[in-house]
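So you can see what is in the structure, the chains are spelled out below.
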Amino acid sequence: MATAASAPSRAEVLSLFRSLLRTAAKFTDYNVREYAKRRTIDGFRENRGLSDPSLIASAFADGRNQLEVAKRQVVVYSLYAPKVKNVMEIRSG
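Residues numbered from 1 in each chain as written. Predicted model: local features only at pLDDT ≥ 70, side-chain atom pairs only at ≥ 80, totals over all residues. Heavy atoms only, no water.

Under an unreviewed UniProt entry, the name given to the protein chain is LYR motif-containing protein 4B, and the source organism is Cocos nucifera.

Pasting the structure below:
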């Protein structure tokens, strides 16, 4: 695991990315699910060009914090899941 002094490995960053996408997929509401997925992808693209190890470590720590928040929000959203599916989730015959 990366510390504040060292940058995370490529495998750790990819693991965080996959974890955020998996967590996003657990949201019951279509709009929230797509927002979380889009926000994850955009956040990683935004930080793709970082080269300073301290900035990389900081962005990685922020991503870990966002993952924990998303996991808690999945639970909260599941408690108040809408009774009717969004029109985007309804499949036609």
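Quick notes on the UniProt feature "domain: Complex 1 LYR protein" (unreviewed entry) in the protein chain
When the UniProt feature table is mapped to this numbering, "domain: Complex 1 LYR protein" (unreviewed entry) covers residues 12–69. Structurally, residues 12–69 comprises 83% helix and 0% strand, and the distance from its first C-alpha atom to its last is 19 Å. (UniProt positions renumbered as here; feature names shortened; annotations may be inferred. Helix = DSSP H or I, 4+ residues; strand = E, 2+ residues; numbered from the N terminus.)

Notes on the side chain of Arg33
Locating Arg33 in the fold gives a position in helix α2 (residues 30–46). Among residues more than four places away in sequence, those in contact with Arg33 are Ala24, Ala25, Phe27, Thr28 and Glu89. (Contact = heavy atoms within 4.5 Å.)

Comments concerning the pattern of salt bridges
One pass over the full model with this rule turns up one salt bridge. The shortest N-O distance in the salt bridge between Lys37 and Glu34 comes to 3.5 Å. One end of the pair is Lys37 and the other is Glu34, both in helix α2 and three residues apart, which spans about a single turn. In this structure Lys37 comes out as partly exposed when scored by relative accessible area, which is 35%. What makes Glu34 partly exposed here is its relative accessible area of 24%. (Salt bridge = Lys/Arg side-chain N within 4 Å of Asp/Glu carboxyl O. Buried < 20%, exposed > 50% of the residue type's maximum accessible area, 1.4 Å probe, protein only.)

Points about helix α1 (residues 10–25)
Between its first and last C-alpha, α1 extends 23 Å over 16 residues, near the 22 Å set by a 1.5 Å rise per residue. Within α1 the residues assigned to the buried category are Leu16, Ser19, Leu20, Thr23 and Ala24. For α1, the arc enclosing every buried residue in end-on projection is 135°, short of the 170-degree limit, so these residues lie on one face. Of the exposed residues in α1, the ones pointing more than 90 degrees away from its buried face are Arg10, Ala11, Arg22 and Ala25. Packed against the buried residues of α1 are α2 and α3 (53–79). (Expected span 1.5 Å × (residues − 1). Arc of directions from axis to C-beta.)

Considering a positive patch on the surface
Taken together, the side chains of Arg18, Arg22, Lys26, Arg64 and Lys71 make up a positively charged region of the molecular surface. Mapped onto the positive patch, the elements with two or more residues apiece are α1 and α3. Within the fold, Lys26 resides in the loop between α1 and α2. (Patch = residues over 30% accessible without salt bridge, like charges linked within 9 Å, V, L, I, M, F, W, Y side chains within 5 Å. Areas by Shrake-Rupley, 256 points an atom, 1.4 Å probe, with all protein chains shown as cover. Lys, Arg positive; Asp, Glu negative; His and termini not counted. Charge placed at Lys NZ, Arg CZ, Asp CG, Glu CD.)

Focus on the packing of α1 against α3
Closest axis-to-axis distance for the α1/α3 pair is 10 Å, and the angle between their directions is 20°. In terms of their interaxial angle, α1 and α3 are classed as roughly parallel. Considering the relative orientation of α1 and α3, their crossing is left-handed. Contacts from Glu12, Val13, Leu16, Ser19, Leu20 and Thr23 in α1 reach Phe60, Gly63, Arg64, Gln66, Leu67, Ala70, Lys71 and Val74 in α3. For the contact of α1 with α3, the residue count by class is seven nonpolar, four polar and three charged. (Axes fitted to C-alpha atoms, helices over the stretch in contact; angles between N-to-C directions. Parallel < 35°, antiparallel > 145°, perpendicular 65-115°, else oblique. Left-handed = near helix turned anticlockwise from the far one by under 90°. Nonpolar A, V, L, I, M, F, W, Y, C, P; charged D, E, K, R; others polar.)

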